[in-house]
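# Understanding the architecture of this molecule
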Amino acid sequence: MNIILVSGRSTKARTLSLTKRHIAVAVTAVLLTVLVLAGTLNFLVLRFAPALPYLQDHLSAIQETRLAQNESYMRDHLNAMAKRLGEMQAQLLRLDTLGERLAKLAGVGTQDLQFSELPGRGGAKSAVPSRDFTFSELSQQVDVLTRQVDERGDKLGALESLLRLENARKKLIPTMLPVLSGHYNSNFGWRIDPFTGRMARHDGIDFAAPHGAPILAAAGGVVVFAEYHGQYGNMVEIDHGNNLITRYAHASRLLVNVGDMVLRGAKIAEIGSTGRSTGAHLHFEVLQNGVAVDPAHFLRLPG
């Protein structure tokens, strides 16, 4: 770069030649000057700030503003985290309640599952150095746990519905003894007919019991027959659905009517000796798809 200097006092012009080296030195000098001035100004401000109340107040105000902004940021994030933790706590309480209900439905003691206690955890200390969670990592972990808790809650809710449905189905299967006390007097199948003395098929089970003893519904259902029958005497039939019907015969007194809904174990009649009978007893039958089957197959099932 060439710079030409012209002066009115002299008739000759001067020429200055600047190389890249000269320009680099000049720029460096300017930068160093700026840095020195900035450092000097910073030193003077810090050195004489106590003596300048206005400057000190201004610096304090800046620091307080920054602290307030940081505090507000942390408070907002902590409030958001506390809200999410509160939601998780509610979900966990819901899971505990669901777990206790499922345990009862499954016949498991809630004390065995210890819902109110934290599960045991442990292990050897890792050789890898540990570190603190960052706020972002903690937030991600809470998100993952929230999703998992929601998924577990939905699955447990579906499982509870299935268990309740299964329990309701079991209550419609005649697995309960229809008498409070008594014993088998005659089993299902071929036997000697007490009236003819010949071999004849017996389509049910006879329970010997005192006259007037209660007759109980072996399962829940709807009464479809409740009146006198020429062979069975005073008889009750209960439809349990799934093509299952139970029959209670030779009663002395009927306590239900057609169309009544009865629960498992409900008293429906009293022991007697009406119809084709030699003495006080209950004749109990199970009909599946309209065909008599051995009631003992059902009565052996867990009730």
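First, a word on what this report is: a plain description of the structure on this page. (Residues numbered from 1 in each chain as written. Predicted model: local features only at pLDDT ≥ 70, side-chain atom pairs only at ≥ 80, totals over all residues. Heavy atoms only, no water.)

## Focus: a nonpolar patch on the surface
Residues I23, V27 and L31 make up a contiguous nonpolar surface patch of roughly 260 Å² in combined accessible area. Looking at the secondary structure, you find V27 in helix α1 (residues 20-48). On the basis of relative accessibility, which here comes to 46%, the residue V27 falls in the partly exposed class. (Patch = residues over 30% accessible without salt bridge, like charges linked within 9 Å, V, L, I, M, F, W, Y side chains within 5 Å. Areas by Shrake-Rupley, 256 points an atom, 1.4 Å probe, with all protein chains shown as cover. Salt bridge = Lys/Arg side-chain N within 4 Å of Asp/Glu carboxyl O. Helix = DSSP H or I, 4+ residues; strand = E, 2+ residues; numbered from the N terminus. Buried < 20%, exposed > 50% of the residue type's maximum accessible area, 1.4 Å probe, protein only.)

## Quick look at the sheet that holds strand β7 (residues 214-216)
Strand order in the open sheet formed by three strands is β7-β13-β11, and the pairing between neighbours is antiparallel. The strands lining the two open edges of the sheet, one partner per strand, are β7 and β11 (253-254). Pairing of β7 with strand β13 (residues 267-270), which is carried by three bridges, proceeds in the antiparallel orientation. Within β13, the position partnered with L216 by the bridge is K267. (Pairing = 2+ DSSP bridges.)

## What to know about the nonpolar core
Within the largest apolar cluster, 27 residues are counted, with the highest numbers of intra-cluster contacts made by I215, I238, Y248, I268, L282 and F284. Looking at this core, the elements that each hand over two or more residues are β6 (205-208), β8 (221-229), β9 (233-241), β10 (244-251), β13, β14 (281-288) and α5 (296-299). (Core = buried A, V, L, I, M, F, W, Y, C linked by side-chain atoms within 4.5 Å.)

## Quick look at unusual backbone geometry
Not every positive phi belongs to a glycine, and N243 is a case in point at roughly 60 degrees. Take N243: it is sitting in the loop between β9 and β10. Since its relative accessible area comes to 54%, N243 is described here as exposed.

## Considerations on the layout of surface pockets
Its boundaries defined by the atoms lining it, the second largest pocket holds a volume of some 430 Å³. Lining of the second largest pocket is provided by 22 residues; of these, R191, H202, H250, R276 and H283 occupy positions nearest its centre. Among the residues making up the lining of the second largest pocket, the classes are represented as five nonpolar, 10 polar and seven charged. (1 Å grid on protein atoms, 1.4 Å probe; cavity = no way out; pocket = protein on both sides within 12 Å on 5 of 7 lines; lining within 4 Å. Points joined across faces, edges and corners; volume = space filled by probe spheres on them. Nonpolar A, V, L, I, M, F, W, Y, C, P; charged D, E, K, R; others polar.)

## Looking at the packing of aromatic side chains
Across all of its chains, the model carries two aromatic pairs by this definition. Between Y248 and F284, the ring centres sit 5.4 Å apart and the planes meet at 50 degrees, which makes this aromatic pair tilted. Of the two residues, Y248 is situated in strand β10 and F284 in strand β14; the sequence distance between them amounts to 36 residues. Judged by relative accessible area, which is 1%, Y248 ranks as buried. (Phe/Tyr/Trp six-rings, centres within 6.5 Å; stacked < 30°, edge-to-face > 60°.)

## Topic: the pattern of salt bridges
Under the criterion given, the structure shown has seven salt bridges. Measuring nitrogen to oxygen at the nearest pair gives 2.6 Å for the salt bridge that ties E237 to R247. With E237 in strand β9 and R247 in strand β10, this residue pair connects regions lying 10 residues apart in the sequence. You'll find E237 and R247 in the same group, each marked buried. Here E270 ties to K267 by a salt bridge, and the two come within 3.3 Å at their closest N and O atoms. Note on E270: relative accessible area 13%, which makes it buried.

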